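# Tertiary structure, described
Here's the letter readout for the chains.
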Amino acid sequence: MKHDKKNIMIILSSPSGVGKTTLTKKIQQKYQSFKISVSHTTRTPRSNEIDGIDYHFVSDKEFKKLINEEKFYEYAKIFENYYGTLKKTVDEDIITNDIIFDIDWQGTKQLSKFKNLELIKIYLITENKEELKKRLIKRNQNSDEEIKKRFKSFDEDIKHWNDYDYILINKNLEACFKQIENIIHLHKSNTFINSRKSQ
Ligand code: 5GP
């Protein structure tokens, strides 16, 4: 796949509840050039989620068919559900847009193997575990059982911070957003200079 050097791909990963989805949406609202990669999942939609916008909600059977047909750049089983990123959408979108991926460490590892994808990998964390627990409860999107499961996965999740280019602490949403903006500006200007050099 050949794409415009000026377009960038950003991965945002974090343990559940750190604020990644809010930040992803904030980037997209401010920077119209960004498209959010809409994943496929077998998870049931939450009451505020819309099919085709938050996720493509599919059955287990449909998801497995896509795996067998090698349609995914990456996929992972997380909290008993499958999540995956389609190759076709990424390859098409990067021609005209920057892309943000809201995916976990397993997906990041798999995407990194594709050397044609130039990824900027950002890992977000809260300042401590207690803060994360508070946010998961406050978010009120998951059952008690789900919250426990998500909280427990924190230790496993943060083991993979080393696979990322940037680690950001989301203590204050605006400050964290500013840091992401700085990273975007840095890489946008670098890719622009590189593309000019190679012309
Ligand atoms: P949630 O169920 O809270 O929407 O997402 C659970 C986790 O799945 C989050 O960490 C999110 O980043 C991750 N996730 C969402 N889409 C994908 C995907 O396409 N691939 C992978 N590997 N992870 C994903």
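This report concerns the structure included in the present document. (Residues numbered from 1 in each chain as written. Predicted model: local features only at pLDDT ≥ 70, side-chain atom pairs only at ≥ 80, totals over all residues. Heavy atoms only, no water.)

With that out of the way, let us pick up the site of the ligand. The full set close to the ligand counts 16 residues, and S39, R43, Y55, Y83 and D102 are the nearest of them. Between the ligand and R43 there is a distance of 2.7 Å, counted from an oxygen atom to a side-chain nitrogen or oxygen. Contact distances for the ligand include 2.5 Å between an oxygen atom and a side-chain N or O atom of Y83. Here the ligand loses 94% of its free accessible area of 520 Å² to cover by the protein chains. Counting only elements with at least two residues in the shell around the ligand, the list comes to strand 5 (72-78) and strand 6 (81-86). The residue makeup of the shell around the ligand, split by class, is five nonpolar, four polar and seven charged. (Near = heavy atom within 4 Å. Polar contact = N/O pair within 3.5 Å; in protein donor to acceptor, adjacent residues only side chain to side chain. Areas by Shrake-Rupley, 256 points an atom, 1.4 Å probe, with all protein chains shown as cover. Helix = DSSP H or I, 4+ residues; strand = E, 2+ residues; numbered from the N terminus. Nonpolar A, V, L, I, M, F, W, Y, C, P; charged D, E, K, R; others polar.)

What follows deals with unusual backbone geometry. Backbone geometry at F79 places phi at a positive 45°, although glycine is not the residue there. Mapped onto the elements, F79 comes out in the loop between strand 5 and strand 6. Here the phi dihedral of E80 falls at roughly 70°; this positive angle occurs in a residue that is not glycine. Mapping E80 onto the fold places it in the loop between strand 5 and strand 6.

On to the side chain of R43, then. Structurally, the position occupied by R43 is in the loop between strand 3 (40-41) and strand 4 (56-57). Judged by its relative accessible area of 7%, R43 is buried. Here the side chain of R43 touches E49 through a polar contact of 2.8 Å, side chain to side chain. Within the structure, the side chain of R43 is placed 3.3 Å from the side chain of Y83, a separation counted as a polar contact. Aside from chain neighbours lying at most four places away, what touches R43 is E49, Y55, F57, N81 and Y83. (Buried < 20%, exposed > 50% of the residue type's maximum accessible area, 1.4 Å probe, protein only. Contact = heavy atoms within 4.5 Å.)

Here the structure, examined in full by the defined rule, presents 10 aromatic pairs. Between the aromatic rings of F63 and Y75, the centroid separation amounts to 6.3 Å while the plane-to-plane angle is 75°, which identifies the pairing as edge-to-face. Placement of the pair is F63 in helix 2 (residues 60-68) and Y75 in strand 5, with a sequence separation of 12 residues. Measuring from centroid to centroid gives 6.0 Å for F72 and Y75, while their planes differ by 50°, and the two rings are tilted. (Phe/Tyr/Trp six-rings, centres within 6.5 Å; stacked < 30°, edge-to-face > 60°.)

Topologically, L66 is positioned in helix 2. In this structure, the C-alpha to C-alpha distance between L66 and G84, residues 18 residues apart in sequence, is 9.4 Å. Ignoring anything within four residues of it in the chain, the contact list for L66 reads H40, K71, F72 and L86.

It is worth spelling out the environment of L168 at this point. Mapped onto the fold, L168 is located in strand 9 (residues 166-169). In this structure L168 comes out as buried when scored by relative accessible area, which is 7%. Between the C-alpha atoms of L168 and S14, which are 154 residues apart in sequence, the distance is 9.7 Å.

A full pass over the atoms with the stated rule returns 17 salt bridges. In this structure, D54 engages K25 in a salt bridge whose closest nitrogen and oxygen atoms are separated by 3.3 Å. In this pair, D54 is assigned in the loop between strand 3 and strand 4 and K25 in helix 1 (residues 20-30), connecting sequence segments 29 residues apart. Residue K159 is joined to E156 by a salt bridge in which the shortest nitrogen-to-oxygen separation is 3.0 Å. Through salt bridges with shared partners, a single network forms among K30, K178 and E181. (Salt bridge = Lys/Arg side-chain N within 4 Å of Asp/Glu carboxyl O.)

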